[in-house]
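Structural characterization, general
Next come the chains, spelled out residue by residue.
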Amino acid sequence: FSLSKASIQDIAFFNYPNPASTQTTVSYNVPVKAKVTLKVLDLTGRQLALLINAEQTAGKKEFYWDITKNRITSGMYILVLKIDNRTFSRKVVIE
């Protein structure tokens, strides 16, 4: 499997619930052992939180994000998942 050809469907990157209030679970698939980062950005691109920064083995992953620990207020944000050199993003709404 080539990570360079991985699509958003291959990665299965989503979070639930969305909109979220105090917590959300981020789910994704790591196709091959890789360096993984998960960041939260505001709509201007400013990083508000680094949730994951680790090498991970291949497989389905879930990360429980306790939003209250990051002092993030109501609004729209971008979750940015980077697996090696591939970047995937999705919007998350915090109520």
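These remarks concern the structure in this document. (Residues numbered from 1 in each chain as written. Predicted model: local features only at pLDDT ≥ 70, side-chain atom pairs only at ≥ 80, totals over all residues. Heavy atoms only, no water.)

1. A short note on the pattern of salt bridges
Applying the stated criterion across every chain, the model contains three salt bridges. For glutamate 55, the salt bridge goes to lysine 33, with nearest N and O atoms at 3.3 Å. Of this pair, glutamate 55 sits in strand E4 (residues 47-56) while lysine 33 sits in the loop between strand E2 (23-30) and strand E3 (34-41), and the two are 22 residues apart along the sequence. A single burial state applies to glutamate 55 and to lysine 33, both of which are exposed. Residue arginine 46 is joined to aspartate 42 by a salt bridge in which the shortest nitrogen-to-oxygen separation is 3.2 Å. By relative accessible area, arginine 46 is classed as exposed at 52%. (Salt bridge = Lys/Arg side-chain N within 4 Å of Asp/Glu carboxyl O. Helix = DSSP H or I, 4+ residues; strand = E, 2+ residues; numbered from the N terminus. Buried < 20%, exposed > 50% of the residue type's maximum accessible area, 1.4 Å probe, protein only.)

2. Details of the nonpolar core
Counting 23 residues, the largest nonpolar core has Phe13 and Tyr28 as its most contacted members. Among the elements of the structure, E2, E3, E4, strand E6 (75-83) and strand E7 (86-94) are those that each provide at least two residues to this core. (Core = buried A, V, L, I, M, F, W, Y, C linked by side-chain atoms within 4.5 Å.)

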